[in-house]
Amino acid sequence: MLNLSPDLKAAVAAQNQLVREDMPSRFASITVVSFLSLYYLPFQTVCLIYLCIAIIELIGLYVYNKLKREVTLSGVVILSLSAFVGILFFNAIPILLFLQPDAFPKLAGSMLLVIALNHCVVARAEWMVFGLITALPIICAVGFMIVSFLYSFASPVEIGIAVVILVLGAGYVAHSMRSLNQMTDRLRHALSAAEAGSRAKSRFLAAMSHEIRTPLNAICGMAELIDEEDTDPKTQQERSLLLRQSAQALTGILNDVLDHAKVESGHIEANLTAASPRVEITSAVEMFRAPARAKGLQFSLSFGEGLPGYAEFDALRLRQVIGNLVSNAVKFTESGHIKVHVTAQQDQDHAILTVQVSDTGRGIAANQLPHLFTEFYRAVDKNAPTVPGTGLGLSIARRFARMMGGDISVRSVLKKGSCFSFTSQVKVLEEPKATAEFSDNQSTTEGAQELDHDLGIKTILLVDDTQSNRMVVRSFLKKSNVEIIEAEDGAKALKCLEQRPVDLVLLDMKMPIMDGEETLLEMARRGGRIAATPVVMLTANAATEDRQRFLALGALGYIAKPVKKSVLLSEIRSVSASSRAAKTSQ
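As the structure is a prediction and not an experimental result, all values here were calculated from the model. (Residues numbered from 1 in each chain as written. Predicted model: local features only at pLDDT ≥ 70, side-chain atom pairs only at ≥ 80, totals over all residues. Heavy atoms only, no water.)

Trainee: Requested: an account of the overall build of the protein, with residues and values cited.
Mentor: The secondary structure content of the protein amounts to 18 helices and 12 strands. The burial tally for the protein puts 39% of its 586 residues in the buried class. Within the protein, contacts between residues separated by at least 24 positions form 70% of all contacts whose residues are at least 6 apart in sequence. Surface exposure of the protein reaches about 32,700 Å², of which carbon and sulfur atoms provide 60%. (Helix = DSSP H or I, 4+ residues; strand = E, 2+ residues; numbered from the N terminus. Buried < 20%, exposed > 50% of the residue type's maximum accessible area, 1.4 Å probe, protein only. Contact = heavy atoms within 4.5 Å. Areas by Shrake-Rupley, 256 points an atom, 1.4 Å probe, with all protein chains shown as cover.)

Trainee: So, the pairing of strand β10 (residues 504-507): which residues are in play, and what are the values?
Mentor: Residues of β10 alternate between two faces, with L504 and L506 on one and V505 and L507 on the opposite face, all of them buried. Bridge analysis of strand β8 (residues 459-463) against β10 gives 4 bridges, and the strand direction is parallel. Within the sheet, the bridge partner assigned to L462 lies in β10 and is L506. Examined bridge by bridge, β10 and strand β11 (residues 535-539) share 3 bridges and lie parallel to one another. (Pairing = 2+ DSSP bridges.)

Trainee: Talk me through the sheet that holds strand β12 (residues 557-560); I want residue IDs and the actual numbers.
Mentor: Taking strand neighbours across the sheet as the criterion, the 5 strands line up as β9-β8-β10-β11-β12 in an open arrangement whose pairing is parallel. Strands with a single pairing partner mark the edges of an open sheet, and in this sheet they are β9 (483-487) and β12. Geometrically, the sheet is characterised by an average inter-axis angle of 20° between neighbouring strands, direction not taken into account. With 4 bridges connecting them, β11 and β12 associate as parallel partners. Of the residues in β12, the one forming a bridge with T539 is A560. The sheet contacts of helix α13 (residues 467-476) involve β8, β9, β10 and β11, and relative to β9 the element is tilted by about 175°. (Axes fitted to C-alpha atoms, helices over the stretch in contact; angles between N-to-C directions.)

Trainee: Account for the side chain of T459, with residues named and values stated.
Mentor: Within the secondary structure, T459 is located in strand β8. According to the relative accessible area criterion, T459 is buried, its value standing at 9%. Leave out the neighbours within four places in its chain, and T459 touches V482, E483, R500, P501, V502, D503 and L504.

Trainee: Give me the pairing of strand β7 (residues 417-428): which residues, what numbers.
Mentor: As paired elements, strand β3 (residues 311-313) and β7 share 2 bridges and run antiparallel to each other. Paired with E312 across the strands is K427, a residue of β7. Where strand β6 (residues 407-413) and β7 come together, 7 bridges link them in antiparallel fashion. In the sheet register, V413 faces β7, and the bridge partner there is G417.

Trainee: Which residues make up the nonpolar core, and what values do they have?
Mentor: Grouped together as the largest cluster of nonpolar side chains are 42 residues, with contacts concentrated most on I322, V326 and F422. Looking at this core, the elements that each hand over two or more residues are α8 (277-286), β2 (298-303), β3, α10 (315-331), β4 (337-347), β5 (350-359), α11 (393-403) and β7. Residue contacts for I322: discarding those within four places in its chain leaves I281, A284, V285, V355 and F422. Counting residues in hydrophobic clusters, the runner-up holds 26 residues, among them V33, V121, I138 and I139. (Core = buried A, V, L, I, M, F, W, Y, C linked by side-chain atoms within 4.5 Å.)

Trainee: Lay out the environment of A397 in plain terms, naming residues and giving numbers.
Mentor: Its place among the elements puts A397 in helix α11. With relative accessibility at 2%, the residue A397 sits in the buried group. Residues A397 and F373 lie 24 residues apart in sequence; the distance between their C-alpha atoms is 8.7 Å. If we ignore the near neighbours within four places in the chain, the residues touching A397 are V321, N324 and I408.

Trainee: An account of the packing of helix α3 (residues 73-98) against helix α4 (residues 103-123) is needed here, citing residue identities and associated values.
Mentor: Remark: α3 packs on α4, axes separated minimally by 6 Å, with the N-to-C direction vectors making an angle of 150°. As judged from the angle between their axes, α3 and α4 are roughly antiparallel. You can see that α3 and α4 cross each other, and the crossing is left-handed. Note on element contacts: α4 touches α3 through P105, K106, G109, S110, L112, L113 and A116, opposite F90, N91, P94, L97 and F98. Tallied by class, residues from the contact of α3 with α4 come to 8 nonpolar, 3 polar and 1 charged. (Parallel < 35°, antiparallel > 145°, perpendicular 65-115°, else oblique. Left-handed = near helix turned anticlockwise from the far one by under 90°. Nonpolar A, V, L, I, M, F, W, Y, C, P; charged D, E, K, R; others polar.)

Trainee: Can you tell me about α8, naming the residues and giving the values?
Mentor: Of the positions making up α8, those classed as buried are P277, E280, I281, A284 and V285. Down the axis of α8, the sector holding all buried residues measures 125°, keeping them to one side. (Arc of directions from axis to C-beta.)

Trainee: Tell me about the environment of K9, and name the residues and values.
Mentor: With respect to the helices and strands, K9 occurs in helix α1 (residues 6-37). On the basis of relative accessibility, which here comes to 36%, the residue K9 falls in the partly exposed class. If sequence neighbours within four positions are ignored, K9 has contacts with L4 and V71.

Trainee: For the pattern of salt bridges, give the residues involved together with the corresponding values.
Mentor: Taken as a whole, this structure holds 17 salt bridges when the rule is applied. We note a salt bridge from D407 to R402, for which the minimum N-O separation is 3.2 Å. A relative accessible area of 26% places D407 in the partly exposed class. Exposure remark for R402: the relative accessible area of 48% places this residue in the partly exposed category. In this structure, the salt-bridge partner of E522 is R525, at a minimum N-O distance of 2.6 Å. Here R525 and E522 lie together in helix α15 (residues 516-526), a separation of 3 residues that amounts to about one turn. Relative accessible area serves as the criterion here: at 16%, E522 is assigned to the buried category. One network of salt bridges, with partners in common, ties together E498, E522, R525 and R526. (Salt bridge = Lys/Arg side-chain N within 4 Å of Asp/Glu carboxyl O.)

Trainee: Can you break down a nonpolar patch on the surface residue by residue, with the values?
Mentor: Taken together, the side chains of V32, F35, L36, L38 and F43 define a hydrophobic patch exposed on the protein surface, amounting to about 540 Å² of accessible area. No other element matches the 3 residues that α1 contributes to the nonpolar patch. Relative accessible area serves as the criterion here: at 61%, F35 is assigned to the exposed category. (Patch = residues over 30% accessible without salt bridge, like charges linked within 9 Å, V, L, I, M, F, W, Y side chains within 5 Å.)

Trainee: Tell me about helix α5 (residues 128-151), and please be specific about residues and values.
Mentor: Taking 1.5 Å of rise per residue, 24 residues should cover 34 Å, and α5 covers 34 Å from first to last C-alpha, within 8% of that figure. A135 marks where α5 bends most, by close to 30°; the proline P137 follows one to four residues later. Among all positions in α5, only M128, F130, G131, T134, A135, P137, I138, I139, A141, G143, M145 and L150 are buried. (Expected span 1.5 Å × (residues − 1). Bend = angle between axes of the 7 residues up to and from the residue.)

Trainee: So, unusual backbone geometry: which residues are in play, and what are the values?
Mentor: The phi dihedral of Q348 is positive, around 60°, even though this residue is not glycine. Locating Q348 in the fold gives a position in the loop between β4 and β5. The phi angle at K415 is positive, at roughly 70°, despite the residue not being glycine. Look at K415 and you get exposed, because its relative accessible area is 69%.

What follows is the structure, encoded as C-alpha cells:
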C-alpha cells in the first residue's frame with residue numbers, strides 16, 4: 001500500500017477544506033446556470049446533466065467528510081475522480097450552448113468555461129494535481145470551441161496558430177496554478193512555524209512563571225518575617241542567607257531569559273579580548289568553591305601543561321559556559337567531589353582549550369542524554385530532590401561553545417556521576433610584561449578593597465527615578481565616608497552638576513524627562529568640569545551591547561542591576577582610580 005507523504009497529506013487536507021467550503025456557492029451557481037440554459041437547451045437534457053452533477057456533489061460531500069477525519073489513499077482517489085467527472089458533466093452545458101446556431105449562446109458557453117477555468121486557478125491550486133485534473137477538461141473544451149469556430153473559415157495555418165496560442169495559454173494557466181500553489185505552501189509553512197513559535201512561547205512563559213515563582217516565594221516570605229522582633233540572630237542570619245540565594249537564583253533566571261532571547265534573535269556575537277585564560281578560568285571556577293564546601297564536597301581546580309599565558313578569546317562567554325557547568329555540578333552533587341581540569345593543545349598561533357568538569361553526583365540516565373542540550377529540557381530523577389532551573393543553561397552554553405569554535409560533550413553514569421567536556425578555540429598572544437608601577441597600583445587597590453569606607457572619592461551624585469534603587473545604593477555606601485546627592489532624572493542631575501562639583505555620577509538609563517543616554521550626551525556637550533565628571537552606568541539594561549554603547553558614549557564604568565555590594569564598591573574604586581590617573585597624566 002502506498003504511503004502518503006506529510007506534505008501531500010497537508011496539501012490534500014487544505015484542498016479538501018477549500019472545496020468543501022466552496023460547495024454551497026458552487027452548487028448554487030450551477031443551479032442558476034442550468035436554469036438559464038433552459039432558454040436554449042431541452043428540459044430533459046438539462047435535467048439529466050443537473051441530476052448527474054447533484055449525484056457527484058453528494059459523493060463529494062461523503063469524501064469531504066472522510067478526508068476531514070483522515071487523509072487516506074482511497075479518499076484521495078475518490079476526490080480526484082469525482083472532481084474530474086463533475087467537470088466533464090459541467091462542461092456539457094457550455095458545449096451544448098456553443099453548438100447552438102445563434103451567436104449569444106455561443107458567447108454564453110465560452111464565458112462559462114472562462115469562469116470555470118478561473119475558478120480552477122484560484123480555488124483548486126492548494127493541491128497542484130487536483131487543480132490540473134479539473135483544469136484539463138475545461139482547456140480541452142475551450143480548444144474544441146476554438147477549432148470548431150475557426151474550421152468554417154480559417155486556413156489550416158491559421159488553425160495551427162490558434163492551437164499554438166491555446167497551448168501557450170494552457171501553459172500559462174498551469175504556471176499560474178503552480179505559482180499560487182507555491183505561495184500557499186509558503187504561507188502554510190509560515191503559519192505552521194508561527195503556531196509552533198506561539199506554542200513554544202507559551203511553554204516558555206509557563207516554565208518561566210514556575211521558575212520565577214520559586215525564588216520569589218522565598219523572597220516574599222522572608223520579607224514578611226524580617227520585622228519580627230523575637231527573631232534570634234541565627235534565624236535572622238538564615239533568613240538573610242535565603243533572601244540572598246533566592247535573589248541570586250532570580251537573577252540567574254533573568255540572565256538565562258536574556259541570553260535565550262539574544263540567541264534566538266541572532267544578536268549574539270563573539271566579543272574577543274586579550275586576557276589570561278588561567279585567570280579567567282580561575283575566576284569562573286573559584287566562585288563556586290564556597291557553595292561546594294558548604295555542601296561538604298571536595299572541590300579542586302587543576303591545570304595541565306600547554307595552557308597559553310595570554311590569548312585572544314571571548315572571556316565573558318568562556319566564564320559563562322564554565323560557570324554553568326560548574327554550577328550544575330554543585331547543584332546536582334550531594335556527596336563526594338567536583339574536579340575541574342584544564343588542558344590545552346597548541347597549534348602554531350592557536351590553541352584548543354579543554355575544560356573537564358567531573359562530579360560524583362546523581363548522574364543522568366542514558367535515554368535522557370540525547371535531549372540534554374534541548375531548550376527547556378531538564379533531566380528528571382524522581383528519587384532526587386528537585387533543583388531549580390530554567391532548562392536553558394546547557395542549550396545556551398553549547399551555542400556559546402560552538403560560537404567560540406568548540407563544543408560541549410557529556411559522559412554520565414546514573415547514580416555515579418557525570419563528566420562534561422567543554423572545548424574552545426583561542427588565539428595565542430605574546431604575554432605582556434607587567435610594570436612595577438602597575439603592580440604597585442594593583443596592590444594599593446587590593447588593599448583599599450578591604451575597607452568599605454575608603455572609596456577614593458568624597459561625593460557621589462546618584463541619579464535614578466526609583467526610590468528603592470536609590471535606597472539600596474545608599475545602604476551599600478552607608479559605611480563609606482562619601483556624601484551622596486540624589487536626583488530623580490537627568491535634568492535634575494544636570495542642575496546639581498551646575499551648582500556644585502561631584503567626584504562621581506551613578507546614572508540610571510531609563511528615566512522620565514531625560515534618560516541616561518540623553519544625560520551623557522548633554523554632559524559631553526556642556527564640556528568643562530561637567531563633561532570631565534566620571535560616570536558609572538547603573539542600569540537594568542544588562543546586554544553586552546548595552547555596556548559597549550554606554551562606554552562609547554563616555555561612561556567610564558557600567559554595572560547591571562541587580563547590584564551586588566562588592567561589585568558596586570569595586571567599580572567605584574576602579575573608576576575613581578582611573579579618573580585620578582587621567583588627571584595626573586594631564
